[in-house]
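Survey of secondary and tertiary structure
Spelled out, the chains give:
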Amino acid sequence: MDWIQIGHLEDIPRQGSRVVNTAAGEIALFRSVDDQVFAQPLVVANVPISNGVHNVVYVATVNNTVYASDGDNGTLYWQRNFTAPGMRPPLNTDMTGACGGNYQDFSGHIGIVGTPVIDAASGTIYFVTRGTTGTTFAQQLHAASIVDGSELQTPVTITATAAGNGDGSSNNVIAFDPLRANQRQALTLLNGVVYVTFSSHCDWGPYHGWILGYDAATLQQQIVYNATPDGYAGGMWESGMGMAADAQGNLYVVTGNGTVGDSGSATNLTNRGESALKLTPSGSTLTVASYFTPYDYQNANDNDLDYGGMGALLIPGSGYYLTGGKDGTLYLLNKDDMGGYLPGSNAVQQALALGSTANMHCQAAYFKGSTGEFIYVWSENDPLRAIPFDRAAGLPRWRRPAVLVSIVAGVAVVTGALVTLAQRTAGSRQTTNARRVVVAPLENRTGDASLDPVGIMAADWMTEGLQQAAVADVVPTPTAIEASRYVASLSVTGKVRKPLRTLAAETGAGIVVTGAFYREGRQLLF
């Protein structure tokens, strides 16, 4: 179906559902709902509803209400609140231990948060609600009709236990905590099983990462998996994106901060916080078929830079799994042999560092067009990136990332593994020499800090080449390195927002040469 385009906000009616012509000649669709929407809206085509066949949009709110509206004209077909009798949706203020009692990830209710999943064949929408009496907390899995919102099965209250001596255990048993468990990821429906994952509220412990599987027809619990049974944490966030799955029935997920390994070994499969996981159903649980843990996981744990902040993606038609962490690094993994854990390096297909401020609170997306394939990533504090995916010679591999350029007050800020020239503007602290060039150390986007000196060597090579060509007055390498480090220190403390300008000002250069390098397999590309 074609989405209705939204016009100017002031042209959109504030109440009800209607279609209007805007000043721009566009059509705007607006519907008010009873609370905030964290879950993604879902669309089902050709639903037999209201004496006809219609395209229907399903929206769930944190007040535990689900709406079904016509996707073409906005007509409301049904809405229903699914809060358990005698309960209300929890509030952020009920999370008394989260963020030291100042929990602001939510500003009010915390009802339906994870995106529902729909089985179009059976006409069923599955979702998790939350409720409390003020002292008792519960989470329930629902299976409702997409036609009229009626419950197709009695909602099941979510409970689970796992053997282990980890955080919060009692007599070597860990119990699911409906207060602390945060159902953030979208639900996953695979081979007749509805999978529900859990993380935490602001790392309020004790908590663990859980994956629970329920029979889609009966809502009977089939699968219980705890990511850190002998440790702590290991929650699944992925910015709300659901687990990925392949045709063989394997599940793919990335866990956040938490215990890595057991019995003194970081490779032990018992606890797998900070890890990308390939999980295979086995009896009443899931087994780790392959995994990857960044070598610097402890730094990620210590500084809230956990892996798994980004919604991970199985690249269609390939054997690759794209993941990302809050440290701003993308990791391209072989989905069947992810790379495990090595103490000093990462055995991945490619690591691409987007920058320490990127944060990776985002969901990756894939698009195949007539001229190529692209992965789109738009993380926090970072530009939208279209990264080409190359299948040359039948072997999927990454090409250079697309270069995204923005011009700010005459300075070209370029993102990508390409060297570019940034023209310095007037008004600096030193006299500008339009023919003076400074070459900054190239940014290391491999994710491996041990390769930082390569950026300095590359800058030195370019500096020497410019000096030999005698085409400009070139800032000597030692001066460029010292100035670059000084500017970097100012950037870290927030004193500088435009480092290229500041570098030019510190060196008196009218032209700044900057760039980056990244790793592809065993090669470094510039």
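Report follows, based on the coordinates. This one's a predicted model, so the numbers in the text were calculated from it and none came from an experiment.

All right, on to the nonpolar core then. Core analysis: the biggest nonpolar cluster contains 21 residues, and Leu141 and Trp210 have the highest contact counts within it. Once residues within four sequence positions are removed from consideration, leucine 141 is found in contact with Phe127, Val128, Pro155, Val156, Ile158, Leu187, Val194, Val196, Tyr214 and Leu219. Counting 20 residues, the second largest nonpolar core, distinct from the first, contains Ala227, Leu286, Val288 and Tyr341.

In this section: the packing of aromatic side chains. Throughout the structure, instances matching the rule amount to 14 aromatic pairs. Plain terms: the ring middles of phenylalanine 292 and tyrosine 307 are 5.9 Å apart, the flat faces sit at 90° to each other, and that makes the pair edge-to-face. Of the two residues, phenylalanine 292 sits in strand E20 (residues 285–292) while tyrosine 307 sits in the loop between helix H1 (297–302) and strand E21 (313–314), which places them 15 residues apart along the sequence. Phenylalanine 292 sits in the buried class, given a relative accessible area of 1%. Geometrically, the ring pair formed by tyrosine 307 and tyrosine 331 is edge-to-face, given 5.5 Å between the ring centres and 80° between the ring planes. Residue tyrosine 307 is located in the loop between H1 and E21, and its partner tyrosine 331 is located in strand E23 (residues 329–334); the two are separated by 24 residues in the primary sequence.

To continue, consider the pattern of salt bridges. Tallying each qualifying case throughout the model produces 10 salt bridges. Between lysine 335 and aspartate 246 there is a salt bridge, with its nearest N and O atoms 3.4 Å apart. Of this pair, lysine 335 sits in the loop between E23 and strand E24 (350–353) while aspartate 246 sits in the loop between strand E17 (244–245) and strand E18 (251–254); the two residues are 89 residues apart in sequence, bridging distant segments of the chain. Owing to a relative accessible area of 10%, aspartate 246 belongs among the buried residues under this scheme. A salt bridge links lysine 326 to aspartate 304; the nearest nitrogen and oxygen atoms lie 2.9 Å apart. With lysine 326 in the loop between strand E22 (320–324) and E23 and aspartate 304 in the loop between H1 and E21, this residue pair connects regions lying 22 residues apart in the sequence. By relative accessible area, lysine 326 is classed as buried at 13%. Judged by relative accessible area, aspartate 304 falls into the partly exposed class, the value being 42%.

Let us now look at unusual backbone geometry. The linkage connecting glycine 205 with the following residue, proline 206, adopts the cis geometry, with an omega of 0°. One non-glycine residue, asparagine 359, adopts positive backbone phi at about 70°. Its location among the elements puts asparagine 359 in the loop between E24 and strand E25 (365–368). Its identity is not glycine, yet asparagine 381 carries a phi of approximately 60°, on the positive side. Following the sequence through the fold, asparagine 381 ends up in the loop between strand E26 (373–377) and strand E27 (385–390). Asparagine 381 sits in the exposed class, given a relative accessible area of 55%.

Rules and cut-offs
Residues numbered from 1 in each chain as written. Predicted model: local features only at pLDDT ≥ 70, side-chain atom pairs only at ≥ 80, totals over all residues. Heavy atoms only, no water. Core = buried A, V, L, I, M, F, W, Y, C linked by side-chain atoms within 4.5 Å. Buried < 20%, exposed > 50% of the residue type's maximum accessible area, 1.4 Å probe, protein only. Contact = heavy atoms within 4.5 Å. Phe/Tyr/Trp six-rings, centres within 6.5 Å; stacked < 30°, edge-to-face > 60°. Helix = DSSP H or I, 4+ residues; strand = E, 2+ residues; numbered from the N terminus. Salt bridge = Lys/Arg side-chain N within 4 Å of Asp/Glu carboxyl O.

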